[in-house]
Amino acid sequence: MRAWLVCSALLPLAACHTLAPLPATAWGERRAALQAVANFEVNGQLAVATPSEGFSANLRWQQQGVSSDLLLRAPLGMGGARLNFDGEVLRVTNNQGTQLQGLTAQAELVRVLGFDPPLTSLRYWLLGAPDPANVATETLNGELRLARLQQGEWQVDYGEYQQAAGLWLPRRIALHRGEIRVKLQLSHWQLP
């Protein structure tokens, strides 16, 4: 009976020990691993609200090294766009099939989305990590994953994560800058 009481008294302590917070280095290692992901594909939905308009679309983002390829398809045949950004040159194909490059592509992207997106940083934000090229303020959740990221003029809030290819990757992301609101619901992550 005494052994049972001792074990009963020690059980909560053992449970507390297993729930101890992860060391701070865990996030540093996870951040570095996420920032090192060079190739991925993710599908999902996008909702955008600007002071003058709003829209929603299905999206497919493919990342191959520095090259980002984004396909947007609006529902009910309302159009869409495809963009490719290699870190220097932006190429946009609009819903009429017109291919644009450089400044005209940038203007078309702003026309389609209603704002100028942070394309270089987005590839990292989608993975749940800050862009390593810029200063960021990070707020972590209890699992030491990003809950909020402030980078440049953008605030990025992470609502939910999912596991894919052994990594915890975002399922829901909300971005805002001033009056611009962007919501992403991500699914079907593929990593090599």
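Just so we're clear, the structure is a prediction, and the values are computed from it rather than from any experiment.

Caption draft 1: Spotlight on unusual backbone geometry. You will see that Leu 144, though not glycine, has its phi angle at about 60 degrees, which is positive. Assignment of secondary structure puts Leu 144 in the loop between strand E7 (136-140) and strand E8 (146-151).

Caption draft 2: Region of interest: the nonpolar core. In terms of nonpolar packing, the biggest core is built from 43 residues, with Phe 40, Leu 175 and Trp 189 touching the most fellow members. Those residues in contact with Leu 175 that sit more than four places away from it in its chain are Leu 122, Trp 125, Trp 154, Gln 155, Val 156, Ile 180, Arg 181, Val 182 and Leu 184.

Caption draft 3: Local environment of helix H3 (residues 103-113). Taken together, the buried positions of H3 are occupied by Ala 105, Glu 108, Leu 109 and Leu 113. Down the axis of H3, the buried side of the element spans an arc of 120 degrees, and every buried residue falls inside it. Taken from the residues just after H3, Gly 114 is the one with a positive phi, measuring 90 degrees.

Caption draft 4: Representation of the confidence of the model for the protein within the structure. For the protein, the average pLDDT comes to 86, and 86% of its residues sit at 70 or higher. Under a pLDDT of 50 for its full length, residues 1-22 has, in the predicted model, three contacts with residues more than four places off or in other chains.

Caption draft 5: The arrangement of the sheet that holds strand E5 (residues 90-94) in detail. Read across the open sheet, the eleven strands follow the order E6-E5-E4-E3-E2-E1-E11-E10-E9-E8-E7; overall the sheet is antiparallel. The open sheet has two edge strands, strand E6 (99-101) and E7, and neither has a second partner. Shown here is a sheet whose adjacent strand axes are inclined to one another by a mean of 20 degrees, direction ignored. Taken together, the six bridges between strand E3 (residues 67-73) and strand E4 (residues 80-85) define a ladder with antiparallel strand orientation. Looking at the pairing, Ser 68 lines up with Phe 85 of E4. Across the sheet, H3 touches strand E1 (39-49), strand E2 (54-64), E3, E4, E5 and E6, and the angle it forms with E5 is around 55 degrees.

Caption draft 6: Spatial organisation of the packing of aromatic side chains. The final tally for this structure, using the stated rule, is three aromatic pairs. Considering the side-chain rings of Phe 40 and Trp 189, the 5.6 Å spacing of their centres and the 45 degrees angle between planes classify their relative orientation as tilted. Note that Phe 40 is positioned in strand E1 and Trp 189 in strand E11 (residues 180-190), a separation of 149 residues in sequence. Both rings, one in Tyr 158 and one in Tyr 161, keep their centres 6.0 Å apart while their planes meet at 25 degrees; by these two values the pair is stacked. Each member of the pair, Tyr 158 together with Tyr 161, is buried. Positioned over the ring face of Tyr 161 is Arg 145, at 5.7 Å from the centre of the ring. Stacked on the ring of Trp 168, the Lys or Arg Arg 145 has its end atom at 4.2 Å from the ring centre.

What counts and what doesn't
- Residues numbered from 1 in each chain as written.
- Predicted model: local features only at pLDDT ≥ 70, side-chain atom pairs only at ≥ 80, totals over all residues.
- Heavy atoms only, no water.
- Helix = DSSP H or I, 4+ residues; strand = E, 2+ residues; numbered from the N terminus.
- Core = buried A, V, L, I, M, F, W, Y, C linked by side-chain atoms within 4.5 Å.
- Buried < 20%, exposed > 50% of the residue type's maximum accessible area, 1.4 Å probe, protein only.
- Contact = heavy atoms within 4.5 Å.
- Arc of directions from axis to C-beta.
- pLDDT = per-residue confidence, 0-100.
- Pairing = 2+ DSSP bridges.
- Axes fitted to C-alpha atoms, helices over the stretch in contact; angles between N-to-C directions.
- Phe/Tyr/Trp six-rings, centres within 6.5 Å; stacked < 30°, edge-to-face > 60°.
- Lys NZ or Arg CZ within 6 Å of the ring centre and 35° of its normal.

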